[in-house]
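Chain by chain, the residues:
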Amino acid sequence: MNNKVIVAGGAGYIGSHTMVELINEGYEPICIDNLYNSSPEAVKRVEIITGKKIRFYEADLLNKPILHDIFKEERPESVIMFAGYKAVGESVEKPLPYYYNNLISLMNVCDEMKKNGCRNIIFSSSATVYGDPERVPLTEESPDGRVTNPYGRTKSMIEKILADIQKADKDMNVVLLRYFNPIGAHESGLIGEDPQGIPNNLVPYVAQVAVGKREAVHVFGNDYDTPDGTGVRDYIHVVDLARGHVAALRKLKENPGLKIYNLGTGNGYSVLEVIKAYERACGHEIPYVIEGRRPGDIATSYCDPQKAFLEMGWKAELGINDMCMDSYRWQSMNPEGYGDYAHPPIALSEES
Ligand code: NAD
Ligand code: UFG
C-alpha cells in the first residue's frame with residue numbers, strides 16, 4: 001500500500017484544486033497532463049500553496065508507451081481521471097476528437113492499471129448524464145437522460161465502460177462522481193479556472209465582466225419555467241468538490257466495487273441570483289442583457305447530495321457567497337489567468 005494517486009488532468013481547473021486537498025490529507029499526487037487546456041503554472045502554484053514538490057509528467061494519455069513507463073515507475077495505488085475535452089458546443093462541431101480523446105485516454109489508463117495491479121479509479125462524470133430531468137432533485141437513481149451532445153455521451157459511455165470493467169473484475173473499485181456546476185477558486189487566489197478565449201460557462205464570464213474585461217453578461221433566456229425565468233443550477237465550490245475526491249479515495253479503501261455519487265450542494269440558483277451574489281462579492285453592479293435561449297440548455301438541474309453524505313461522510317460546506325468571493329479574488333489577482341500558454345491542436349483535428 002502506498003499513498004500515490006495518479007491525477008490525470010491534474011493541471012486543469014478541478015485537478016489542480018484536488019491536488020491541494022490530496023496533499024493536505026497526506027496523499028502523494030502524481031500529475032499527468034498534456035497541457036492541452038492548462039498551464040504548467042497551475043502545478044507550480046499548487047506547490048506554492050502546499051509547500052510540496054509535485055511529480056509532474058507532461059504527457060499525453062493517448063501515448064500508450066509513455067503511460068506504460070509512468071505506471072511502471074510510479075506503481076500508484078489509485079487513479080483520479082480528470083483528463084478529457086469538456087466543451088459542449090465544440091463537441092457538437094468536432095465529435096470525433098471528443099470520442100477519441102476521452103474514450104481512448106480512459107481505456108489506456110484502465111489497461112495500464114490492470115497491467116500494474118492498480119485497482120482503484122475515480123472518474124469525473126457529470127450531471128449532464130441525466131439529460132433534461134423529468135424531476136428534481138436528481139438522485140443517483142434518476143434515469144440516465146437523453147444526453148444531447150457528444151461530450152455528454154462520452155461521460156455516459158465511460159460510466160458504462162467502467163461499470164463493465166468492474167463487473168468482470170471484482171477486485172476493481174470504481175467511483176463515478178457526477179459533478180454539478182463547479183465554480184469558485186482556492187481561497188489563496190493563486191489557482192482558479194482559466195478558460196481560453198470567450199468563456200462558455202456562466203461564472204467565468206461574469207468574473208470577466210466584474211473586472212472590466214467584458215462589457216455585459218449575456219443571459220441565455222428568461223422564459224424558462226423557473227421562479228425568475230432564468231436557468232437554475234446546483235453550483236458547487238471547487239474546493240468542496242476537490243474534497244469530495246478525498247472522501248472517495250477513503251471510500252475506495254473499503255473495496256466498495258462500483259459506486260456512484262452526485263457531488264453538489266442540493267441548492268439551485270438562477271442566473272440572475274448568481275449575478276446578484278457576484279455583485280455582492282465584487283461590490284459593484286454587473287451589467288447584463290437578456291438574450292434568447294442557448295440551444296441544448298435545460299431549465300433546472302440540482303441534486304440530492306444525501307448519498308455522498310451517508311456513504312462517504314462528505315457534504316459541501318461553502319455557499320454561493322464564498323463561491324463568488326473566491327472566484328472574484330482569483331479573477332482580480334490574475335486578470336489574464338495564468339497568462340498565455342501553448343494550446344496544442346486538438347487530437348485528430350481536421351488539419352492532421
Ligand atoms: P480542464 O480542461 O481544466 O482539465 C482537464 C485537463 O485534462 C486539462 O489540463 C487538459 O490539458 C488535460 N487533458 C485533456 N486531454 C488529455 C490527454 N489526452 N492527455 C493528458 N491530459 C489531457 O477541465 P476541468 O474543468 O478541470 O474538468 C475536469 C473533468 O471534470 C473533465 O473530465 C470534465 O469533463 C469533468 N467535468 C467538469 C465540469 C466543469 O464544469 N468544469 C463539470 C462536470 C464534469
Ligand atoms: N448562462 C448564461 N450566460 C452565459 C453562460 C451561461 O446565461 O454566458 C446560463 C445557462 O443558460 C445556464 C446557466 O447559465 O442556465 C449555467 O450555464 P453553464 O454553461 O455555466 O453550465 P451548464 O449547466 O450549461 O453546464 C455545465 C458544464 C457541463 C456540465 C454541466 C453539468 O459546462 O459540461 O455543467 O455538470 F455537463
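Up top is the structure.
Residues numbered from 1 in each chain as written. Chains lettered and ligands numbered in written order. Predicted model: local features only at pLDDT ≥ 70, side-chain atom pairs only at ≥ 80, totals over all residues. Heavy atoms only, no water.

Draft legend 1. How the structure looks around the pairing of strand β1 (residues 4–8). The buried fraction of β1 is high, at five of five residues. Because side chains alternate across β1, one face comprises the buried residues Lys4, Ile6 and Ala8, and the other comprises Val5 and Val7, equally buried. With five bridges connecting them, β1 and strand β2 (residues 28–33) associate as parallel partners. Within β2, the position partnered with Ile6 by the bridge is Ile30. (Buried < 20%, exposed > 50% of the residue type's maximum accessible area, 1.4 Å probe, protein only. Helix = DSSP H or I, 4+ residues; strand = E, 2+ residues; numbered from the N terminus. Pairing = 2+ DSSP bridges.)

Draft legend 2. Up close: the site of ligand 1. Not every one of the 27 residues close to ligand 1 is listed here, only the nearest: Asp33, Ser38, Lys86, Asn101 and Tyr151. Protein chains shield 95% of the accessible area of ligand 1, which is 820 Å² for the free molecule. Of all elements in the fold, only α1 (13–24), α5 (95–115), β5 (120–126) and α6 (150–168) reach the threshold of two or more residues within the shell around ligand 1. Ranked by residue count, the leading element in the shell around ligand 1 is β5, at three residues. For the shell around ligand 1, the per-class residue count stands at 12 nonpolar, 11 polar and four charged. (Near = heavy atom within 4 Å. Areas by Shrake-Rupley, 256 points an atom, 1.4 Å probe, with all protein chains shown as cover. Nonpolar A, V, L, I, M, F, W, Y, C, P; charged D, E, K, R; others polar.)

Draft legend 3. Just the site of ligand 2, in detail. Around ligand 2, 20 residues are found, and the nearest of them are Ser126, His218, Arg233, Arg294 and Asp297. Here Ser126 contributes a side-chain N or O atom positioned 3.2 Å from an oxygen atom of ligand 2. One nitrogen or oxygen atom from the main chain of Leu202 is found 2.9 Å from an oxygen atom belonging to ligand 2. Burial of ligand 2 by the surrounding chains reaches 88%, relative to a free accessible area of 690 Å². Each residue belonging to the shell around ligand 2 can be placed in one class, and the counts come to 10 nonpolar, seven polar and three charged. (Polar contact = N/O pair within 3.5 Å; in protein donor to acceptor, adjacent residues only side chain to side chain.)

Draft legend 4. Quick look at the packing of helix α9 (residues 271–282) against helix α11 (residues 320–333). Orientation of α9 relative to α11, taken along the N-to-C sense of each, is 60°, at an axis distance of 8 Å. On the basis of the axis angle, α9 is oblique to α11. The hand of the α9/α11 crossing is right-handed. For the pair formed by α9 and α11, the contact residues are Val274, Ala277, Tyr278, Arg280, Ala281 and Cys282 on the first element and Ile320, Asn321, Cys324, Met325, Ser327 and Tyr328 on the second. Each residue belonging to the contact of α9 with α11 can be placed in one class, and the counts come to nine nonpolar, two polar and one charged. (Axes fitted to C-alpha atoms, helices over the stretch in contact; angles between N-to-C directions. Parallel < 35°, antiparallel > 145°, perpendicular 65-115°, else oblique. Left-handed = near helix turned anticlockwise from the far one by under 90°. Contact = heavy atoms within 4.5 Å.)

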